[in-house]
Number of protein chains: 2
Amino acid sequence: MARRGRKAHLEDSSPKRRVNYRQLKNPFPPMDVFSSDEIASMHDAALRALEELGMRVLLPEARKIFIAGGARADGDMIYIGREMVEAALASAPKSILARAGARDRDVLLELGSLVFQPGAGAPHATDLTRGRRPGTARDFKELVQLTHHYDVLQMMPPLIEPQDVPTHLRHYFTMRAQLELSDKLPFVFSRGTPQVRESFEMLRDFRGLSDADFHAAPHCYTIINTNSPRTLDIPMAHGVIDFARAGQVSIITPFTLMGAMAPITVAGAVTLSHAEALAAITLGQLARPGAPICYGTFTSNVDMRSGAPAFGTPTHFQASLAAGQLARMIGLPWRSAAGSAANINDVQAANENQFGLWGCLMAGAAVVIHSAGWLEGGLTVSYEKLICDVEILNMVAELCAGAQAGAAEIGFDALQEVQPQGHFFAAAQTMARYNTEFYEPVVHDYANFGTWTERGAEDASARATRVWQDILAADQRPRVDGTRLEALKDYIARRTDAGGAAPES
Amino acid sequence: MARRGRKAHLEDSSPKRRVNYRQLKNPFPPMDVFSSDEIASMHDAALRALEELGMRVLLPEARKIFIAGGARADGDMIYIGREMVEAALASAPKSILARAGARDRDVLLELGSLVFQPGAGAPHATDLTRGRRPGTARDFKELVQLTHHYDVLQMMPPLIEPQDVPTHLRHYFTMRAQLELSDKLPFVFSRGTPQVRESFEMLRDFRGLSDADFHAAPHCYTIINTNSPRTLDIPMAHGVIDFARAGQVSIITPFTLMGAMAPITVAGAVTLSHAEALAAITLGQLARPGAPICYGTFTSNVDMRSGAPAFGTPTHFQASLAAGQLARMIGLPWRSAAGSAANINDVQAANENQFGLWGCLMAGAAVVIHSAGWLEGGLTVSYEKLICDVEILNMVAELCAGAQAGAAEIGFDALQEVQPQGHFFAAAQTMARYNTEFYEPVVHDYANFGTWTERGAEDASARATRVWQDILAADQRPRVDGTRLEALKDYIARRTDAGGAAPES
């Protein structure tokens, strides 16, 4: 290690604020948008839709599981009785402890938890130095490193599609990048049983687990999107079944846009989403009772003039609240989502994402996906937006930590010490706390206009560029077992030689 | 009026979404940051500070009122017994109906109300076409017009200082601009009795009221800032007394920055702020029991490295929550504040303002000041930021309106009508509602990346420039009684000839 000068030494030795951003509890009082009677009516309408209107289920194996569980079938339409749904809700666990690469990275999924993820699944990446482009392997790895850097992003999502990696090899690449560059809970895409099985194998061996140990606790998660309205396609149905049987986490999330693939009303769209989520949860519980499954919703509206999706709107907020009420009724951990429709990291992007985020927070969501970096309604992840949004997530994490108001904090002595029109800069209470009392921002700048102008008049986006560049330059990685990493590389080389595994559709 | 074509006619005849943004009730569940015991301890510490440490009161008349009310004096230090504070809290009204220029602009101030104001009191104005400059008469009038345009900004604040108007004539100019360009509740600066008395006269006559009618209900308001710590200066003390005696609204707002003119802790800073507010409320109630006075807080932190003020921080949020708990304990209507320390209308500016706003909303603030347009910690009001922040306030107003989940909204028929993987664009429920179901944004743009790029790739700030330019070009004004306007002009001409009225200091 290089010797460091006196200044660096002094800076290092001053006390720093230390707040645990890794395990958060939601401190915000839940807000209702509908009465409990209205919520009961929505739940009842969802059950009635499953019984009378049915779900289209494209995977024969899934239809067989539903039928064996008591469902009625007509072609690929499956009609699910409410007693089946009730049995599934009774067997689904209310609390899930997902194991990451280190114990202090484990993620507890239950009502009251609060877990953030950056934007996921975007075809494009963008930053101010390289512009907007189709996502690449390099972008994927860089965004994994940025996600790894911030404790407040507790789960690793599939940030962007590395489009320069062939689809039959992509799961090797994304699993290796997640395991080598982070010890956070990894994501596995449900793109068919072969890719999922291989992903489980890579993860099991890298974590040094037996097959039985791997199955005994969740070590990864997937997102299951229904095809609204009322369709469960082949890879998604396989995902529900495969993850349930392996004891890994499925987060069931119908993505419903009011006025497009869902009714135009909040109540109607959330009822449809609820029905579809209940159908997939039922499938998972039939495949393996007690399988770890999260309830999820992502419902916003379209702009009725253009048909374009909108996020961070009042109806998006209300849909989160309604879903939160349904989640509390059924008692399952649930995920919601923030996000933005803006095309660049501007004021619209900031305001939409934060507005949607508060909807999730006040709805009691345990997991908030797309809460950093998500632009264009999910078509792009922005490096600068990821940094700027982390600022807000960090500040929310600070609110989770609360504040004290004991005698030392009220500090009558400090009030007594400072004369009228004096200042508290040198008060004993201030001196004891000035290094640790306040949150230190990532990218927000408190310099006055003159100083800020002298320093180049950079806006928050421009400053965010330097922040992510510094993180990538530091290249901090989790400790990795060299033998297991070599074994992973060997596994990938062998499977690649054997032809990889094509995604299912 | 010019004849309009068929297209304009069709556009005008289609139903529009109509939501009342003028009278809002706060729908957000209040959040606590401290236990009720801790809040009681803070209240007790504030009472003890007033009794034992005292307030420095610079105005002899105010000291006389305090002493006549039972306070102990030592030079300009006034020691206020808790029984005096309790009597003041008992006589202060819990609900205040302030009369604007039109009945549907009246403002109800009580716990549970929700009233927004744009940024106030800034020395500078800025916009993207003319840059940052010392505030002028033109800026003041333009910002009054922008504030008047948006229903969600229910009170008129002193947006910027028109520095090209001499200080001894400025109250004439600002009163005339507020009355001629808006019928919202006007603001009067407490810059000494002569200016306040003349402002009351102008307003009384313009509203066509007798002196008795004017005194019988509030028709304007002022903001009272203490000089923290523990000082009430001469113009502010005069303001409290003059407004109380005239039955006009004082909003008492200590502006305390943790670590600078207030203790470094949230609990300490809010305790100091609470003590100072109680002192000024007590003065007002002694001057006229039952006088309409709002409780207020504006507490944030400084950056301990530079001493610069910060806004929209976790401690700002927590201070709002604590003040809300104290306000609910004493039962008075109360104001809080959002705002930003950013130097331009960028992502930081958006995120800070919205973060602070949610603190106010979850703290149950009845009035949220500086909630649109406020940059540089209050040194500048930005035209573009005002427009961008109004978007958020409008969306909050939409949340106040709530949502329905009756049979028509749940819409089982719509679920039945649309087949699996179909769409709801043409569903009967959609057709009946597509014009009115969703909030229409002011400046947010949902165009996809290609379309947005073709249209010039403007960010939200650039689009906001066009929005405010269009509003000013339309020059919409409230109906004004020509005779009263002439009388106002005459009054101002006469008083100007007589030498105006210098501010007090």
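Keep in mind that what you see is a predicted model, and the values were worked out from it rather than measured.

**Observations regarding the layout of surface pockets**
Its boundaries defined by the atoms lining it, the largest pocket holds a volume of some 1800 Å³. For the largest pocket, the lining is made up of 42 residues, of which Arg305(A), Tyr439(B), Glu440(B), Pro441(B) and Val442(B) are closest to its centre. For the lining of the largest pocket, the secondary structure elements donating two or more residues are strand 15 (298-302) of chain A together with helix 13 (383-401), helix 17 (449-454) and helix 18 (460-474) of chain B. Taken together, the residues of the lining of the largest pocket break down into 17 nonpolar, 9 polar and 16 charged.

**Topic: the interface of chain A and chain B**
With 108 residues of chain A at the interface, the matching set in chain B holds 108 residues. Among the residues of chain A in contact with chain B, Phe412(A), Phe438(A) and Tyr446(A) are the three that bury the most area, contributing 8% of the side total. Taken together, the connections running from chain A to chain B amount to 2 salt bridges. Ionic pairing is found between Arg305(A) and Glu440(B), a salt bridge with its closest N-O pair at 2.8 Å. For the pair chain A and chain B, the interface holds 38 residue pairs in polar contact (both at pLDDT 80 or more). Sorting elements by how many residues they give to the side of chain A that touches chain B places helix 12 (residues 347-362) of chain A first, with 9 residues. Split by residue class, the side of chain A that touches chain B holds 58 nonpolar, 31 polar and 19 charged.

**As for the confidence of the model for chain A**
Residue and element names in this part refer to chain A. When pLDDT is averaged along chain A, the result is 96, and 97% of the positions lie at 70 or above. Confidence over residues 1-11 falls short of pLDDT 50; this stretch has 2 contacts with residues more than four positions distant or in other chains. Both scores are given for the predicted complex: the pTM is 0.97, the ipTM 0.96.

**A short note on the pattern of salt bridges**
A complete count under the given rule lists 70 salt bridges over all chains for this structure. Put simply, Arg204(B) and Asp211(B) hold a salt bridge, and the shortest N to O gap is 2.7 Å. In the salt-bridge network here, residues are joined through shared partners; they are Asp127(A), Arg130(A), Arg133(A), Arg138(A), Asp139(A) and Glu142(A).

**As for the relation of the copies chain A and chain B**
The operation relating chain A to chain B is a screw motion whose rotation component is 180 degrees, with 0.0 Å of axial translation and a residual RMSD of 0.0 Å. Taken together, the rotation angle and the small translation identify this as a two-fold axis. Rotation axis and chain A: the residue whose C-alpha lies nearest the axis is Val347(A), separated from it by 2.5 Å. Looking at the interface residues of chain A, 100% of them are also at the interface in chain B, so both copies use one shared face.

**Concerning the sheet that holds strand 1 (residues 24-25) of chain B**
Residues and elements named next belong to chain B. Spatially, 1-7-18-17-14-12-10 is the arrangement adopted by the 7 strands of the open sheet, whose pairing is mixed. Every interior strand has two partners, whereas the edge strands, strand 1 and strand 10 (221-224), have only one. As paired elements, strand 7 (residues 113-116) and strand 18 (residues 367-369) share 2 bridges and run parallel to each other. Its bridge partner being in strand 18, Val115 is matched across the sheet by Val367.

**Some words on unusual backbone geometry**
Residue and element names in this part refer to chain A. The residue after Ser228, namely Pro229, is reached through a cis peptide bond having omega 0 degrees. If you trace the backbone, Pro229 turns up in the loop between strand 10 (221-224) and strand 11 (231-232). Non-glycine residue Glu376 carries a positive phi angle of around 50 degrees. Tracing the sequence through the fold places Glu376 in the loop between strand 19 (374-375) and strand 20 (380-382). By relative accessible area, Glu376 is classed as buried at 9%. Of note, the phi angle at Asp475 is positive, near 50 degrees, even though the residue is not glycine. Its place among the elements puts Asp475 in the loop between helix 18 (460-474) and helix 19 (482-497).

**Here we look at the nonpolar core**
With 294 residues, the main nonpolar core has Phe116(A) and Phe116(B) as its most contacted residues. Residue contacts for Phe116(B): discarding those within four places in its chain leaves Leu24(B), Val152(B), Leu153(B), Gln154(B), Met155(B), Leu357(B), Leu361(B), Val368(B), Ser371(B), Leu393(B) and Val396(B).

**A few points about the side chain of Asn351(A)**
With respect to the element layout, Asn351(A) can be found in helix 12. Classification of Asn351(A) by relative accessible area gives buried; the value is 1%. Leave out the neighbours within four places in its chain, and Asn351(A) touches Ala350(B), Gln354(B), Cys388(B), Ile392(B) and His444(B).

Thresholds applied
Residues numbered from 1 in each chain as written. Chains lettered and ligands numbered in written order. Predicted model: local features only at pLDDT ≥ 70, side-chain atom pairs only at ≥ 80, totals over all residues. Heavy atoms only, no water. 1 Å grid on protein atoms, 1.4 Å probe; cavity = no way out; pocket = protein on both sides within 12 Å on 5 of 7 lines; lining within 4 Å. Points joined across faces, edges and corners; volume = space filled by probe spheres on them. Helix = DSSP H or I, 4+ residues; strand = E, 2+ residues; numbered from the N terminus. Nonpolar A, V, L, I, M, F, W, Y, C, P; charged D, E, K, R; others polar. Contact = heavy atoms within 4.5 Å. Buried area = accessible area lost by both parts, 1.4 Å probe. Salt bridge = Lys/Arg side-chain N within 4 Å of Asp/Glu carboxyl O. Polar contact = N/O pair within 3.5 Å; in protein donor to acceptor, adjacent residues only side chain to side chain. pLDDT = per-residue confidence, 0-100. Least-squares fit on C-alpha atoms with pLDDT ≥ 70 in both. Pairing = 2+ DSSP bridges. Buried < 20%, exposed > 50% of the residue type's maximum accessible area, 1.4 Å probe, protein only. Core = buried A, V, L, I, M, F, W, Y, C linked by side-chain atoms within 4.5 Å.

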